[in-house]
Structure formats: C-alpha cells, structure tokens
Amino acid sequence: DQQVKQNSPSLSVQEGRISILNCDYTNSMFDYFLWYKKYPAEGPTFLISISSIKDKNEDGRFTVFLNKSAKHLSLHIVPSQPGDSAVYFCAALVSYNTDKLIFGTGTRLQVFP
Amino acid sequence: NAGVMQNPRHLVRRRGQEARLRCSPMKGHSHVYWYRQLPEEGLKFMVYLQKENIIDESGMPKERFSAEFPKEGPSILRIQQVVRGDSAAYFCASSPPEGRGQPQHFGDGTRLSIL
C-alpha cells in the first residue's frame, strides 16, 4: 500500500525555468510533509517541510504547496540550476504514534543548460 | 563533521554471515531511525530508537534483524544469516528531542552487498 506517491519518475527542465515536482498521499492523518534531495551515493538532504495546518511554505528558491482537499503537494524550484539535478523524495510524517517518515519513490530532476 | 556518521560505507558479506551497520547520530540528537532503500525504490522505514529503547520496530522483518541504541556508543543494525535479498542501501537518520515534526537528518548510508 503506497501511501505517498510520486507518479513522475523523471523531469527535465531548462536552467532558469521553474521545476515543479508533485506528490500525492492517501493518509489524511499525516501531520507534516517534507521534501528531501538526494545525490548518488549520498544520504537524503532535508530541503523544506510544511505542516498540515498550512498551505504554503517558502525558503529561498524552494516553495512547497499543500492542497489538503486533493491530498496533493508540490515543490516548486525557481529558478532551476544545474546543481539542482538530483532525485527528490516527498515524505510524510506519521505523528499519531511515532515520527517515522513514509517516502515516495522519488522523481529524478535534470536541469540542463 | 557534525553530521550523522555511518560505517562502513560499503559492506560485502556472503550468504549466512552476519552484517553489523553502525550509526552515530548528530550531536545533541537522541532519536535514531533506520531506513532501507532497495534499487529504484524509495526509502522504507525499519525502526525508531531512543537511547536504550526501541520505540517503533513495525518496519523490521520479524526474523534475523535487530537494532539497538545503547546508552554509550552508536546505534547498531544487525542482520543475521544474510540472504541475497538483504542487498540494499541502509540509511540512518537522527533528530533532536524537541518534539514532533523536527526534520530527520540522514547519513550517507551503508551499501550492503550479499555474495
């Protein structure tokens, strides 16, 4: 049962344009949503999070939007840079018992010049 | 380096051997999590520990796998009698004790290969 889904395995964007990565979830009990970025042979790096009581959170070039009625969130990166090329994971926090993260399968972003 | 430290980075074992993976959390962090990533998949939760306590082991296979986080020293993920299907990247994460929703910070993982 995949509770967090990233339906686009890959995305290719030109440098300077906006990258939009999408994530859907099924469990309405999730309290927090997080985005992680991962380079090959490294661990995931935390990027940005959003509480379920908010619909937007912004940090520099990164903005996360949450649509609770649609159970959908998205990460916007603008402007995109070649160094943003990585795999992006959406994760949801299960808060009613423990803080274990439920991850999506990831979207590979490639930013080309 | 004040980040989450995992060792070894790569571990090769033959079927039937034991694998021990170590994780030292970030300074000041008292919560440790272990995740497993199979090829082309996302990370899957295995176990959540605080010092000397297993809080949630709902993602751990019932047999051969165990984890501990002693009062002194790193957290250990132990896999006994390894099989080919245990080949994966194992990531450890830690978070501070301040409360819910604190982002977890990950180590660079241990890549386990079973011959």
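Residues numbered from 1 in each chain as written. Chains lettered and ligands numbered in written order. Predicted model: local features only at pLDDT ≥ 70, side-chain atom pairs only at ≥ 80, totals over all residues. Heavy atoms only, no water.

**So, the pattern of salt bridges**
Residue and element names in this part refer to chain B.
Alright, step 1. Scanning the entire structure with this criterion turns up 7 salt bridges over all chains.
Alright, step 2. Between Arg-20 and Glu-18 there is a salt bridge, and its shortest N-O distance comes to 2.9 Å.
Alright, step 3. When its relative accessible area of 42% is taken as the criterion, Arg-20 is described as partly exposed.
Alright, step 4. Across the salt bridge formed by Lys-44 and Glu-41, the nearest N and O atoms sit 3.6 Å from each other.
Alright, step 5. Residue classification places Lys-44 among the partly exposed positions, given a relative accessible area of 40%.
Alright, step 6. If you follow the salt bridges from partner to partner, you end up with Glu-18, Arg-20, Glu-68 and Arg-78 in one network. (Salt bridge = Lys/Arg side-chain N within 4 Å of Asp/Glu carboxyl O. Buried < 20%, exposed > 50% of the residue type's maximum accessible area, 1.4 Å probe, protein only.)

**Regarding the environment of Val-83 of chain B**
Residue and element names in this part refer to chain B.
Alright, step 1. In this structure, Val-83 sits in the loop between β8 (75-79) and β9 (88-95).
Alright, step 2. Between the C-alpha atoms of Val-83 and Asp-56, which are 27 residues apart in sequence, the distance is 24 Å.
Alright, step 3. Leave out the neighbours within four places in its chain, and Val-83 touches Arg-15, Arg-64 and Ile-114. (Helix = DSSP H or I, 4+ residues; strand = E, 2+ residues; numbered from the N terminus. Contact = heavy atoms within 4.5 Å.)

**Quick look at the interface of chain A and chain B**
Alright, step 1. Facing 20 residues of chain A, the contacting portion of chain B comprises 22 residues.
Alright, step 2. Counting the surface lost from both chain A and chain B, the interface buries some 1800 Å², and carbon and sulfur atoms represent 56% of this.
Alright, step 3. The three residues of chain A that bury the most area against chain B are Asp-99, Lys-100 and Phe-103 of chain A, which together make up 28% of that side's buried surface.
Alright, step 4. Counting across the interface, chain A meets chain B through 1 salt bridge.
Alright, step 5. Those elements that provide at least two residues to the side of chain A that touches chain B are β4 (32-38), β9 (86-93) and β10 (101-103) of chain A.
Alright, step 6. With 4 residues, the top contributor of residues to the side of chain A that touches chain B is β4 of chain A.
Alright, step 7. For the side of chain A that touches chain B, the residue count by class is 10 nonpolar, 6 polar and 4 charged. (Buried area = accessible area lost by both parts, 1.4 Å probe. Nonpolar A, V, L, I, M, F, W, Y, C, P; charged D, E, K, R; others polar.)

**So, the sheet that holds strand β3 (residues 19-24) of chain B**
All names here are of chain B.
Alright, step 1. Strand order in this open sheet of 4 strands is β1-β3-β8-β7, and the pairing throughout is antiparallel. Both edges of this open sheet fall to β1 (5-7) and β7 (65-68), since each of them pairs with a single strand only. Direction aside, the axes of adjacent strands within the sheet are offset by 15° on average.
Alright, step 2. With 4 bridges joining them, β7 and β8 adopt antiparallel strand pairing. From the neighbouring strand, Ala-67 faces β8, where its bridge partner is Leu-77. (Pairing = 2+ DSSP bridges. Axes fitted to C-alpha atoms, helices over the stretch in contact; angles between N-to-C directions.)

**Some thoughts on the side chain of Thr-63 of chain A**
Alright, step 1. Residue placement: Thr-63 of chain A occurs in strand β7 (residues 62-67).
Alright, step 2. Contact partners of Thr-63 of chain A, with chain neighbours within four places excluded, come to Ile-48, Lys-56, Asn-57, Glu-58, Ser-74, Leu-75 and His-76 of chain A.

**Section: the nonpolar core**
Alright, step 1. The biggest cluster of nonpolar side chains holds 25 residues, and the ones touching the most others in it are Phe-30, Phe-33, Trp-35, Leu-73, Leu-75 and Tyr-88 of chain A.
Alright, step 2. Secondary structure elements with two or more residues in this core: β3 (19-25), β4, β5 (45-51), β7, β8 (72-77), β9 and β11 (107-112) of chain A.
Alright, step 3. No other element matches β9 of chain A, which puts 4 residues into this core.
Alright, step 4. Sequence-distant contacts of Tyr-88 of chain A, defined by excluding residues within four places in its chain, comprise Gln-6, Leu-21, Trp-35, Tyr-36, Lys-37, Leu-47, Leu-75, Ile-77, Gly-106, Thr-107 and Leu-109 of chain A.
Alright, step 5. Formed by 22 residues, the second largest nonpolar core is a distinct cluster that contains Cys-23, Leu-49, Tyr-90 and Cys-92 of chain B. (Core = buried A, V, L, I, M, F, W, Y, C linked by side-chain atoms within 4.5 Å.)

**Observations concerning the state of the cysteines**
All names here are of chain B.
Alright, step 1. Using the criterion set out here, one finds 2 disulfides over all chains in the structure.
Alright, step 2. The residue that forms a disulfide with Cys-23 is Cys-92, at a sulfur-sulfur distance of 1.8 Å. Disulfide Cys-23 to Cys-92: torsion about the S-S bond roughly -55°, handedness left-handed. Of the two residues, Cys-23 sits in strand β3 while Cys-92 sits in strand β9, which places them 69 residues apart along the sequence. (Disulfide = S-S within 2.5 Å.)

**Thoughts on the layout of surface pockets**
Alright, step 1. Looking at the largest pocket, its volume works out to about 450 Å³.
Alright, step 2. The set of elements that each furnish at least two residues to the lining of the largest pocket consists of β9 and β11 of chain A together with β9 of chain B.
Alright, step 3. Of the residues belonging to the lining of the largest pocket, the class tally is 10 nonpolar, 5 polar and 5 charged. (1 Å grid on protein atoms, 1.4 Å probe; cavity = no way out; pocket = protein on both sides within 12 Å on 5 of 7 lines; lining within 4 Å. Points joined across faces, edges and corners; volume = space filled by probe spheres on them.)

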